[in-house]
Amino acid sequence: MKRIKMIRFGTLTIFLIAMTIVSFMLLADMSTNNITVAMAALILLAVASGLFIPSVLLSWMVVLILAAGIFTLTIGYPLISNFTRIVVIAAYPILSFVTILGRHFIGDLGWIATNRANIEAYVEHYDPAVNFQTLHTASNTFSKSAEFIQKQNKLEVWIDVTAVQWSHHEQYKQFHASEYAEILSAIQTILKQDRLPGESIYYVDNATFLIISHTVSEANLMQLNNNVNDQLATIMVDGFKPQFKTATMHINEKNIDKYSSLDLAMNKLYRQMETDIIVEYMQKH
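As the structure is a prediction and not an experimental result, all values here were calculated from the model. (Residues numbered from 1 in each chain as written. Predicted model: local features only at pLDDT ≥ 70, side-chain atom pairs only at ≥ 80, totals over all residues. Heavy atoms only, no water.)

(A) How the structure looks around helix 6 (residues 135–151). Helix length check: helix 6 (17 residues) gives 24 Å between terminal C-alpha atoms against 24 Å at 1.5 Å per residue, within 8%. If you check which residues of helix 6 are buried, you get Thr137, Ala138, Thr141, Phe142, Ser145, Ala146 and Ile149. Taken down its axis, helix 6 places every buried residue within 170 degrees of arc, on the same side. Facing away from the buried side of helix 6 by over 90 degrees, the exposed positions are Lys144 and Lys151. (Helix = DSSP H or I, 4+ residues; strand = E, 2+ residues; numbered from the N terminus. Expected span 1.5 Å × (residues − 1). Buried < 20%, exposed > 50% of the residue type's maximum accessible area, 1.4 Å probe, protein only. Arc of directions from axis to C-beta.)

(B) Up close: the pairing of strand 4 (residues 200–203). Residues of strand 4 alternate between two faces, with Ser200 and Tyr202 on one and Ile201 and Tyr203 on the opposite face, all of them buried. As paired elements, strand 4 and strand 5 (residues 208–214) share four bridges and run antiparallel to each other. When the bridges of strand 5 are listed, Ile201 appears paired with Ile211. The hairpin turn running from strand 4 into strand 5, its antiparallel successor, is four residues long, and Asp205 in that turn takes a positive phi close to 75 degrees. (Pairing = 2+ DSSP bridges.)

(C) Main features of the pattern of salt bridges. By the definition in use, this model includes three salt bridges. Lys151 is the partner of Glu147 in a salt bridge, and the nearest nitrogen-oxygen pair spans 3.0 Å. Residue Glu147 and its partner Lys151 are both found in helix 6; the two are separated by four residues, about one turn of the helix. What makes Lys151 exposed here is its relative accessible area of 58%. In this structure, Lys245 engages Glu274 in a salt bridge whose closest nitrogen and oxygen atoms are separated by 3.1 Å. Residue Lys245 is found in strand 6 (residues 244–251), and its partner Glu274 is found in helix 10 (residues 262–284); the two are separated by 29 residues along the sequence. Taking relative accessible area as the criterion, Glu274 reaches 41% and is therefore assigned partly exposed. (Salt bridge = Lys/Arg side-chain N within 4 Å of Asp/Glu carboxyl O.)

(D) Structural detail: a nonpolar patch on the surface. A cluster of nonpolar side chains, Val22, Leu26, Met30 and Phe83, forms an exposed patch at the surface whose accessible area comes to about 400 Å². Looking at the nonpolar patch, the element that brings in the most residues is helix 1 (residues 2–30), giving three residues. (Patch = residues over 30% accessible without salt bridge, like charges linked within 9 Å, V, L, I, M, F, W, Y side chains within 5 Å. Areas by Shrake-Rupley, 256 points an atom, 1.4 Å probe, with all protein chains shown as cover.)

(E) Up close: the packing of aromatic side chains. All told, the structure shown has six aromatic pairs when counted by the stated rule. Between Trp166 and Tyr180 the ring centres are 5.1 Å apart and the planes differ by 25 degrees, which places this aromatic pair in the stacked class. One end of the pair, Trp166, is in strand 3 (residues 159–166); the other, Tyr180, is in helix 8 (residues 177–194), and 14 residues separate them in sequence. Both residues of the pair, Trp166 and Tyr180, belong to the buried class. Look at Tyr172 and Phe240: their rings are 4.1 Å apart centre to centre, the planes differ by 20 degrees, and that puts the pair in the stacked class. One end of the pair, Tyr172, is in helix 7 (residues 169–175); the other, Phe240, is in the loop between helix 9 (218–232) and strand 6, with 68 residues separating them in the sequence. Using a relative accessible area of 9% as the deciding quantity, one classes Tyr172 as buried. (Phe/Tyr/Trp six-rings, centres within 6.5 Å; stacked < 30°, edge-to-face > 60°.)

(F) Quick peek at the confidence of the model for the protein chain. On average, residues of the protein chain score 80 in pLDDT, and 79% of them are at 70 or above. Residue range residues 277–285 is modelled with pLDDT below 50. Its contacts to residues more than four positions away, or to other chains, number one contact. (pLDDT = per-residue confidence, 0-100. Contact = heavy atoms within 4.5 Å.)

(G) Seen up close, the pairing of strand 3. Of all eight residues making up strand 3, eight are buried, and the element is well covered by its neighbours. Along strand 3, one buried face is formed by Ile159, Val161, Ala163 and Gln165 and the opposite face, lined by Asp160, Thr162, Val164 and Trp166, is buried too. Summarising the sheet, strand 3 and strand 5 pair through seven bridges and their orientation is antiparallel. Residue pairing for strand 5: Ala163 is matched across the bridge by Leu210. Here strand 3 pairs with strand 6 via eight bridges, running antiparallel. Note on strand 6: the bridge partner recorded for Trp166 is Phe244.

Below you can see the structure in the form of C-alpha cells.
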C-alpha cells in the first residue's frame, strides 16, 4: 500500500512540475513586458538547481536569489509592472521546490524499478494490503499436506480448508477505496486473533481469505468458525456493514485423491458458498 501511494504521489508531482512550468510561461506571456526569454532562463535554472543541487545548499541559494531579486526589482525607476515583478521573483523558488519533490519521488520510483524482481517475488508470496501470504504459498502448503495424507495411511490425519469471502466487495471498492482497505484490515485482525496459532491463513485476492487447519477436531473447528463469524458480524465502517460468506471442507485419506490440489478444493468451496446464498434466498422468499 505504501508503495502504491508513493507511485501516485510521484505521478502527481511530475504533473505538478509540468503545470507549474506552463503556468509561469503563461503568466510571462500575459505580462505587459516582454519577459518570456527571461522566464524561460529562470525555469531552466530552477529545474537544473532542483535536480542537481543538494536540498540544504539549494535552500540557501533560494534565499539569496530571492533577496537579490527583490532588491534588484524594487530599487530605482520601475521599468516593469508590479505583476511582472511578482511573477519573476516567485518563479525560481517555487519551481526549484517543486523539482526537489519530483527528484525525491522519481528517485524512489527508480529504486522500485531497480528492485522490481525482488518486489515481484515478495508480492507473489505476500499480499501487501493485508500482510498475509498469498495463493501461491497456500498452494504449496496444501500440496505438501495432501502428499503427507496420501503417504501416512497408518495415521489419522486430515486438513480442513475454510474460505471467508466478503460478498459484493467489488462495487464497494470502486467508490470507497480507503474504507475498503480498512475493512480488509479489520478482517485480518479478527483472523489473527481468533484462529489457532498452528493454523495457516492466506489472502487469495477478491476479498477472500483462506484458512488451512491441520488435524483440528470437528468440535474445535466449529467453535473457531463460529467465533470468527460472530466477530465479522461486528465490523462496521462509516455506517456500512459488510456481509460475508464462509465455507469449510474436510479433506482426509478418503477424498484426497478427488481434491489433490488447492484449485480443486477452492472450486468446491466457491460452489458451496454460492449454494448457501441460493438456499438462504429461497428461505427468505
